Amino acid sequence: MALVDQFYSTGNGRIANGVLVASYATFGVAGQQWYAGISAAVMLVLLWAWAAKLLRRTGWRLPRGVPLFSSATVLALFCFASTNTYKTFFWPASSVSHTFPPVLAVAATIPALLATSRRGKALAALFACAVGAVLGTLSEETSVVALVLLTLALLLDRRLFPAGQLAFVRTWCAAAGAGILIGTAVLLTSPGSRNRRARHHADSMFTPESVFASLREYTQVLHTLMMTWQYIGAIAVGMLIGVLARRADGGVPRPDRRAPLLLGSGAAALLFSGYVCTVIAYPAFGPSVATANRLWNDYLFPLLLLLVGAGGLLGNLAVRHHRRGAIPVAAAAAIPCVCIAAVLAVSLHDLESDMRVRARAWDSQDRLLRERAAAGATVLPYKPIVISSMLEPFSSDKRPWPASCVAHYYQVEKVTDGTEHRGRGVARAGPPQPGPQEAPRHRHRTNPPATDLKR
């Protein structure tokens, strides 16, 4: 509770964020190490359950194992195909704010997909309101994306949903939106959020200079996403589903006439919400918002799902025109998924070796600092161990609090920069880093030097 109160009172105001951080911080280094694996398992279960319930709602059938394979592939793309896997997935402080929230938002629709009775629909609406309140105090960016999509659903409800479901759809969307607004109000009125806005001059986001600069940086973000070829795997997954999906009677489903409207309006809504997220983040991150790839996850995940939907439509059209060639088309869709998974696996293997180098260096220094603190030292020399463009305690004179956190961790008065040259570490995993930004603009990497499991 002390950590949650710190988030609310002096940190950033994100109460739910504080709860998740406390869930792994309670276990110290071990919690940091295990968070990535546990969160991946939870996200996979949620995504798999969502896919299964969505299939059940549509009345489609897929061969056993395809929903799990599809969910795992999409999650792998989401977590491991970014330009900096470390900060988007392996760094818990980022994952709880930008990687887990969009998956949780999608999973919030599971009760709605299951609801058939009046009581079930009421419970689904209450659940949506509760999850919305959690999202409002967990991630501002995911809340923005969710509100835009909920607004879109309400505007197009007559064209997207059967007449008999309109009342429930409107109630559910209103409940979810109300929950998000309540959570956001709690967040924005918190002392921590007020302090954070004042510290980063958040009011500047509304100035013309900030708005146009955000647009310029957002264009760079979109370019990076389009150049990340691994995301083609989402279309391949969709094609596999579209080719293999069958109705209850064994026939091939007809292309849904609502699909073009859903895909087009969904893409427009996600592009708009992504820009709003960039505007929100720009005062705190400045130009580095175009390289802080962890900030993109809030709208990247629904974009991947949209690509799956587009691939599903393509696969459905292909199998209807070439029914005798369904197996070759399915194989052609599955092969890219397997190849991309292999590419990601190789990059993660390299990531593991970098983690080991970083962990050994951290362990060595940790033992030394603990010994000196136990001997009565009140000032310790801390050597930054830079990895994956991670900002270390002495990276900026304007951010003195990271160094104070290190001092608090070792229970001393202060820590000093133990290197001869500021910013150099005792060990580096991978090639030298270009600077404090998360990824250099002049090159694209599937997985730059990796994850700090000891942080």
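Residues numbered from 1 in each chain as written. Predicted model: local features only at pLDDT ≥ 70, side-chain atom pairs only at ≥ 80, totals over all residues. Heavy atoms only, no water.

A. Representation of the side chain of Asn297 within the structure. On the secondary structure map, Asn297 appears in helix α16 (residues 297-321). The class for Asn297 is buried, based on a relative accessible area of 1%. Apart from residues no more than four positions distant in its own chain, Asn297 is found in contact with Phe78, Thr88, His98, Thr99 and Pro102. (Helix = DSSP H or I, 4+ residues; strand = E, 2+ residues; numbered from the N terminus. Buried < 20%, exposed > 50% of the residue type's maximum accessible area, 1.4 Å probe, protein only. Contact = heavy atoms within 4.5 Å.)

B. The arrangement of the nonpolar core in detail. Core analysis: the biggest nonpolar cluster contains 79 residues, and Leu77, Phe78, Tyr299 and Phe301 have the highest contact counts within it. Setting aside anything within four residues of it in sequence, one finds Phe301 in contact with Leu47, Val74, Phe78, Pro102, Val103 and Val106. (Core = buried A, V, L, I, M, F, W, Y, C linked by side-chain atoms within 4.5 Å.)

C. Looking closely at a nonpolar patch on the surface. A surface patch of nonpolar side chains, amounting to about 330 Å² of accessible area, comprises Trp34, Ile38 and Val42. In this structure Trp34 comes out as exposed when scored by relative accessible area, which is 60%. (Patch = residues over 30% accessible without salt bridge, like charges linked within 9 Å, V, L, I, M, F, W, Y side chains within 5 Å. Areas by Shrake-Rupley, 256 points an atom, 1.4 Å probe, with all protein chains shown as cover. Salt bridge = Lys/Arg side-chain N within 4 Å of Asp/Glu carboxyl O.)

D. Region of interest: the pattern of salt bridges. On inspection of all chains with the given rule, the structure shows seven salt bridges. Ionic pairing is found between Arg216 and Glu217, a salt bridge with its closest N-O pair at 3.5 Å. In this structure, Glu352 and Arg356 form a salt bridge, with 2.9 Å as the shortest nitrogen-oxygen distance. With a gap of four residues between them, Glu352 and Arg356 both fall in helix α17 (residues 326-374), about one helical turn apart.

E. Summary view of helix α3 (residues 28-58). Across its 31 residues, α3 extends 45 Å between first and last C-alpha, which sits within 8% of the 45 Å expected from 1.5 Å per residue. Along its length, α3 shows its largest kink, about 40°, at Trp34. The secondary structure elements touched by the buried residues of α3 are α2 (15-25), α4 (66-80), α5 (85-90), α6 (92-107), α7 (110-114) and α16. Just downstream of α3, Gly59 is the residue with a positive phi angle, here 80°. (Expected span 1.5 Å × (residues − 1). Bend = angle between axes of the 7 residues up to and from the residue.)

F. Layout of unusual backbone geometry. One non-glycine residue, Gln411, lies in positive phi territory at about 60°. Within the element layout of this structure, Gln411 appears in the loop between α18 (401-409) and β2 (414-417). Residue classification places Gln411 among the exposed positions, given a relative accessible area of 73%.

G. Region of interest: the environment of Gln220. Here Gln220 shows up in helix α13 (residues 208-227). The partly exposed category is assigned to Gln220, whose relative accessible area is 23%.

H. Highlighting the state of the cysteines. Scanning the model with the defined rule gives zero disulfides in all. No disulfide involves Cys339; its sulfur sits 9.2 Å from the nearest other cysteine sulfur, which is in Cys337. Using a relative accessible area of 44% as the deciding quantity, one classes Cys339 as partly exposed. (Disulfide = S-S within 2.5 Å.)

I. Representation of the environment of Ala2 within the structure. Note on placement: Ala2 falls in helix α1 (residues 2-9). Take Ala2: its relative accessible area is 64%, and that puts it in the exposed class. Linking Ala2 and Pro162, residues 160 residues apart in sequence, is a C-alpha distance of 48 Å.

J. A look at the packing of aromatic side chains. Counted under the stated rule, the structure contains nine aromatic pairs. Between Phe80 and Phe89, the ring centres sit 5.1 Å apart and the planes meet at 85°, which makes this aromatic pair edge-to-face. Taken individually, Phe80 and Phe89 each receive the classification buried, so the pair is uniform in this respect. Ring centres of Tyr218 and Tyr275 lie 6.0 Å apart, and the angle between their planes is 50°; on these two criteria the pair is classed as tilted. In this pair, Tyr218 is assigned in helix α13 and Tyr275 in helix α15 (residues 259-285), connecting sequence segments 57 residues apart. The two residues Tyr218 and Tyr275 agree in class, both being buried. An aromatic cluster is defined as three or more aromatic residues linked by ring pairs; in this entry it consists of Phe80, Phe89 and Phe90. (Phe/Tyr/Trp six-rings, centres within 6.5 Å; stacked < 30°, edge-to-face > 60°.)

K. Structural view of the packing of α15 against α16. With their axes 10 Å apart at the nearest point, α15 and α16 run at an angle of 165° to one another. Considering their axes alone, α15 and α16 lie roughly antiparallel with respect to each other. As α15 packs across α16, the resulting crossing turns out to be left-handed. Contacts from Ala259, Leu262, Leu263, Gly266, Ala267, Leu270, Gly274, Cys277 and Thr278 in α15 reach Tyr299, Pro302, Leu303, Leu306, Gly309, Ala310 and Leu313 in α16. Its residues assigned to classes, the contact of α15 with α16 comprises 12 nonpolar, four polar and no charged. (Axes fitted to C-alpha atoms, helices over the stretch in contact; angles between N-to-C directions. Parallel < 35°, antiparallel > 145°, perpendicular 65-115°, else oblique. Left-handed = near helix turned anticlockwise from the far one by under 90°. Nonpolar A, V, L, I, M, F, W, Y, C, P; charged D, E, K, R; others polar.)

What is shown is where atoms sit, not what they do.
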